[in-house]
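These are the residues of each chain, in order.
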Amino acid sequence: MGSGESGRVGRRALLIGGGAAAVGAAALGWDELRRAWWRLPGTERKRVEGALDHAGAQWTAAARANWRRADRPDDFGIDRVVVHVVQGSFATALRVFKNPGHGAAAHYVVGKDGRVAQMIRELDVAFHAGNRDMNERSIGIEHEGFVDRPQDFTEAMYASSARLTAGICARYGIPVDREHIIGHVEVEGTDHTDPGPHWDWDRYLRLVRRAATAPTTAPTLPPRA
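To start, this report covers the structure provided alongside it. (Residues numbered from 1 in each chain as written. Predicted model: local features only at pLDDT ≥ 70, side-chain atom pairs only at ≥ 80, totals over all residues. Heavy atoms only, no water.)

## Focus on the layout of surface pockets
Working step 1: Within this model, the second largest pocket holds a volume of roughly 220 Å³.
Working step 2: Residue classes in the lining of the second largest pocket are distributed as 8 nonpolar, 1 polar and 5 charged. (1 Å grid on protein atoms, 1.4 Å probe; cavity = no way out; pocket = protein on both sides within 12 Å on 5 of 7 lines; lining within 4 Å. Points joined across faces, edges and corners; volume = space filled by probe spheres on them. Nonpolar A, V, L, I, M, F, W, Y, C, P; charged D, E, K, R; others polar.)

## Overview of the packing of aromatic side chains
Working step 1: Counted according to the given criterion, the structure contains 6 aromatic pairs.
Working step 2: Between Tyr158 and Trp199, the aromatic rings sit 4.8 Å apart at their centres with planes inclined by 50°, giving tilted as the arrangement. Here Trp199 lies in the loop between strand E8 (181–183) and helix H5 (201–212) and Tyr158 lies in helix H4 (residues 155–172), a separation of 41 residues in the sequence.
Working step 3: The class of Tyr158 is buried, set by a relative accessible area of 2%.
Working step 4: Residues Trp199 and Trp201 carry aromatic rings whose centres are separated by 6.2 Å and whose planes lie at 70° to one another, so their mutual orientation is edge-to-face. Like Trp199, the residue Trp201 is buried in the burial classification.
Working step 5: One aromatic cluster in this structure is built from Phe153, Tyr158, Trp199, Trp201 and Tyr204. (Phe/Tyr/Trp six-rings, centres within 6.5 Å; stacked < 30°, edge-to-face > 60°. Helix = DSSP H or I, 4+ residues; strand = E, 2+ residues; numbered from the N terminus. Buried < 20%, exposed > 50% of the residue type's maximum accessible area, 1.4 Å probe, protein only.)

## A few points about the sheet that holds strand E4 (residues 108–110)
Working step 1: On the basis of which strands lie adjacent, the open sheet formed by 6 strands has the order E1-E5-E4-E7-E3-E8 and mixed pairing. A strand with exactly one partner marks an edge of an open sheet, and here the two such strands are strand E1 (58–59) and E8.
Working step 2: Judged from the 3 bridges that link them, E4 and strand E5 (residues 116–118) form a sheet pairing that is antiparallel. Bridging from a neighbouring strand, Val109 pairs with Ala117 of E5.
Working step 3: Of the strands in this sheet, E1, E4, E5 and strand E7 (138–143) touch helix H2 (residues 90–97), which is tilted by about 165° from E4. (Pairing = 2+ DSSP bridges. Contact = heavy atoms within 4.5 Å. Axes fitted to C-alpha atoms, helices over the stretch in contact; angles between N-to-C directions.)

## Examining H4
Working step 1: For H4, with 18 residues, the first-to-last C-alpha span of 26 Å sits near the 26 Å given by 1.5 Å per residue.
Working step 2: Most of H4 sits out of view: 13 of its 18 residues are buried.
Working step 3: The positive-phi residue at the C-terminal boundary of H4 is Gly173, with phi of around 65°. (Expected span 1.5 Å × (residues − 1).)

## So, the nonpolar core
Working step 1: Ile168, Ile181, Trp199 and Tyr204 are the most contacted members of the largest nonpolar core, which has 29 residues in total.
Working step 2: Counting residues per element, the ones that place at least two in this core are strand E3 (80–85), E4, E7, H4 and H5.
Working step 3: Per element, the largest residue contribution to this core is 8 residues, and it comes from H4.
Working step 4: Each residue touching Tyr204, except ones within four places of it in the same chain, is listed here: Val83, Tyr158, Ser161, Ala162, Thr165, Ile181 and Trp199. (Core = buried A, V, L, I, M, F, W, Y, C linked by side-chain atoms within 4.5 Å.)

## Re the pairing of E3
Working step 1: Counting buried residues along E3, 6 of its 6 residues qualify, which places the element largely inside the surrounding structure.
Working step 2: Of the two faces of E3, the one lined by Arg80, Val82 and His84 and the one lined by Val81, Val83 and Val85 are each fully buried.
Working step 3: For E3 and E7, the ladder comprises 6 bridges, and the chain directions are parallel. Counterpart to Arg80 in the pairing with E7 is Ser138.

## Considerations on H5
Working step 1: Taking 1.5 Å per residue, 12 residues should reach 16 Å; H5 reaches 16 Å between its end C-alpha atoms and fits that length.
Working step 2: Looking only at H5, the buried set comprises Trp201, Tyr204, Leu205, Leu207, Val208 and Ala211. Relative to the axis of H5, the buried residues are bounded by an arc of 160° and lie together on one face. Away from the buried face of H5 by more than 90 degrees, exposed residues Asp202 and Arg210 are located.
Working step 3: Buried residues along H5 sit in contact with E3, H4 and E8.
Working step 4: With a side-chain oxygen positioned 3.4 Å from the backbone nitrogen of Asp202, the residue opening H5 is Asp200. (Arc of directions from axis to C-beta. Polar contact = N/O pair within 3.5 Å; in protein donor to acceptor, adjacent residues only side chain to side chain.)

## With respect to the packing of H4 against H5
Working step 1: Close contact between H4 and H5 brings their axes to 8 Å; oriented N to C, the two are set at 55°. With respect to their mutual orientation, H4 and H5 come out oblique. Of the two elements, H4 crosses H5, and the hand of that crossing is right-handed. Judged by residue contacts, Glu155, Tyr158, Ala159, Ser161, Ala162, Arg163, Thr165 and Ala166 of H4 engage Arg203, Tyr204, Leu207, Val208, Ala211 and Ala212 from H5. (Parallel < 35°, antiparallel > 145°, perpendicular 65-115°, else oblique. Left-handed = near helix turned anticlockwise from the far one by under 90°.)

Set out below in structure tokens:
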């Protein structure tokens, strides 16, 4: 299951507009300024409530406390996909990610029957990996099931998740390999073990590569306002 951001550092606000900047540029680090530029009026991408990044997904919004607004990949580059297993049902994943007290959520949830729910826009940072840097650079995909039950990882789930990951990799130029498509267990500093020993990585990457060569209707990055 997804987990929140460890080692989170409070970001100093850059308040622009209303007649004054509350914090001068000299007080902010260059990296922080670079990541905050998109907050200027006219630089943020247009957003439509309930818009999808993956064709065929259903929109089910995660609690606002479980993610952070951003404008990726302009403020944070995206170069990883993180695979999770929820240790429960599809409904369980949706329920906990809608709970603001949970403190974590993934961008997507994939069911054993292949259905996909999108809960957070890819533009935004989901609290799913337990590591702030990885959260900022990755897309999190939660899967229904239990790590010790190989029967939960169905053909429909693998195929649907592979199409989802192939679309993500195409949008952001992410290589389809085990360095860039990783399990939650591989995130530095995490105490999670998912997707576990029964997740068939060879099969999954083969399906992602196959899906990457098929025609796609996935949306492109939206234009700026």
